[in-house]
Amino acid sequence: MIIPEFEIPDFLANFILVTIFSLIIGLSQRRLQESHEAILSFGTDRTFTFIGMLGYILYIIRPADQLLFIIGFIVISLFLMLFYFYKMYQTKNYGLTSIAIALITYSLGPLVITQPFWFFLLIVSIVLIFTELKESFMTVSKRFNKDEFLTLAKFFVMAGVILPIVPNTPIVSYLSLTPYQIWMAVVVISSISYISYLLKKFVFPKSGVMLTGILGGLYSSTATTFILARKMKEANGNTHQYVAAIIMATAMMYLRILILILIFNQALFQTIWMWFILMLALSIILSIAIRYKYKAPAVMDQSLGEEKNPLEFKIAILFTILFVAFTFITHFTIEYMGSQGLQVLSYIVGVTDIDPFLLNLFQGHYQVSISLIGAATFQAIISNNILKAIYALWLSGNKDRLLIIGAFAIIIITNALLIFFI
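To keep things clear, this report deals only with the structure shown in the data block. Here the structure is a predicted model, which means the values were calculated and not measured.

### Overview of the nonpolar core
1) Next: Ranked by internal contacts, the top residues of the largest apolar core, which has 80 residues, are Tyr254, Ile257, Phe276, Phe357, Leu359 and Phe362.
2) Next: Within the second largest apolar cluster, 34 residues are counted, among which are Phe15, Tyr56, Ile60 and Tyr84.

In structure tokens, the structure reads:
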């Protein structure tokens, strides 16, 4: 199957970036203003977003070629400036949102003439939506602690500063491993973890057990199983839902690995994507069946999935060490033991964090076939699922033992059968 290529137009991508970063700066100003660290601020999230949008609009319509437009803009700006000083004097209100919206509105004429109509409608829609989201932005900003923007800055540095400047030349002559590949793996894994973290903290702050399984599985299904099984042991009743959440976390593991394959190995993705979709669907169906067969009411436990910074430096260092170690281990295993050695290794690494091994396998230029890489991927997943089943049985105090064994047995056996098709 050929996956059609899709490319975002440059001007749309640039506009999205300008809007997002303008909003982020505005949110940081909102937090400072509400914490009284800033004595005076002329605007916050929406104002900064609108100002960024305005600058982009004025740039792309080439104001230097439109003398009348520039003159009109200056005149309008003077009137708005007078209005702004009058408003400050009368109300002591320093917000610039209405002024920014007025200037954007002034720019709509040349915008609709020089740009596609759908882009013009996009500008109008964002202005209308953001104008009505003031209370929502205030709610979101209150959830930011003092380290939140520092965490976001770390992510930007990792993805936008360090990644482009690290060399893409092999570390050793007999391996294709480069610093760029290593850090790219760190950035991708961190991105998935960070998205899960943001969803948990800002979109679903009061998530129940099932949603914890979904969001936790995107980060680490093994760690999520560990947490859910321990909470399951402490629970009085409703333990079936913990089992359903554990299986849902495993389903999200298949989705996470499929995303990694899509990013790092298109040829492998073309070969085995349908088998990953099958395992994803099977795991979700099992989870939903367990949830509704026993008609367990939704469990809300605020101690589950407490937000932790997924971009801690020690985590990145540990992942880097594991990634490099698995690169050398995989190389020498294939070199001296061939394909059989790789298959044995794939089962062994399942008892550790499988992401460094799999990413190394997806990126590596080893003298092995795509089908063998696919088989090794599923073999590592099988052993990891066995480990999670053991964790679930041991840490839960053998509650719902038959249900845990049955659900994982179906997943593991199906997974093993797929290897023969690969």
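Still more to cover.
### Some remarks on the packing of helix α2 (residues 45–60) against helix α5 (residues 117–131)
1) Next: At a minimum axis distance of 11 Å, the contact between α2 and α5 shows a crossing angle of 165°. Looking at the two axes, α2 sits roughly antiparallel to α5. The crossing of α2 and α5 is left-handed. Contacts between α2 and α5 pair Arg46, Thr49, Phe50, Met53, Tyr56, Ile57 and Ile60 from the former with Phe119, Ile123, Ile126, Val127, Phe130 and Thr131 from the latter.
2) Next: When the residues that make up the contact of α2 with α5 are grouped by side-chain class, the tally is 10 nonpolar, 2 polar and 1 charged.

### Re the pattern of salt bridges
1) Next: Under the criterion given, the structure shown has 1 salt bridge.
2) Next: Residue aspartate 355 pairs with arginine 256 through a salt bridge whose shortest N-O separation is 3.4 Å. Of this pair, aspartate 355 sits in helix α13 (residues 354–363) while arginine 256 sits in helix α10 (residues 239–264); the two residues are 99 residues apart in sequence, bridging distant segments of the chain.
3) Next: Residue class for aspartate 355 comes out buried when judged on its relative accessible area of 5%.

### Remarks on a nonpolar patch on the surface
1) Next: Together, Ile16, Leu17, Ile20 and Phe21 line one region of the surface with nonpolar side chains, adding up to about 330 Å² of accessible area.
2) Next: Along the chain, leucine 17 turns up in helix α1 (residues 10–34).
3) Next: On the basis of relative accessibility, which here comes to 44%, the residue leucine 17 falls in the partly exposed class.

### Considering the environment of leucine 54
1) Next: Secondary-structure assignment places leucine 54 in helix α2.
2) Next: Along the chain, leucine 54 and valine 18 lie 36 residues apart, while their C-alpha atoms are 10.0 Å from each other.
3) Next: What leucine 54 contacts, discounting residues up to four positions off in sequence, is Leu103, Ile104 and Ser107.

Cut-off values and rules
Residues numbered from 1 in each chain as written. Predicted model: local features only at pLDDT ≥ 70, side-chain atom pairs only at ≥ 80, totals over all residues. Heavy atoms only, no water. Core = buried A, V, L, I, M, F, W, Y, C linked by side-chain atoms within 4.5 Å. Buried < 20%, exposed > 50% of the residue type's maximum accessible area, 1.4 Å probe, protein only. Axes fitted to C-alpha atoms, helices over the stretch in contact; angles between N-to-C directions. Helix = DSSP H or I, 4+ residues; strand = E, 2+ residues; numbered from the N terminus. Parallel < 35°, antiparallel > 145°, perpendicular 65-115°, else oblique. Left-handed = near helix turned anticlockwise from the far one by under 90°. Contact = heavy atoms within 4.5 Å. Nonpolar A, V, L, I, M, F, W, Y, C, P; charged D, E, K, R; others polar. Salt bridge = Lys/Arg side-chain N within 4 Å of Asp/Glu carboxyl O. Patch = residues over 30% accessible without salt bridge, like charges linked within 9 Å, V, L, I, M, F, W, Y side chains within 5 Å. Areas by Shrake-Rupley, 256 points an atom, 1.4 Å probe, with all protein chains shown as cover.

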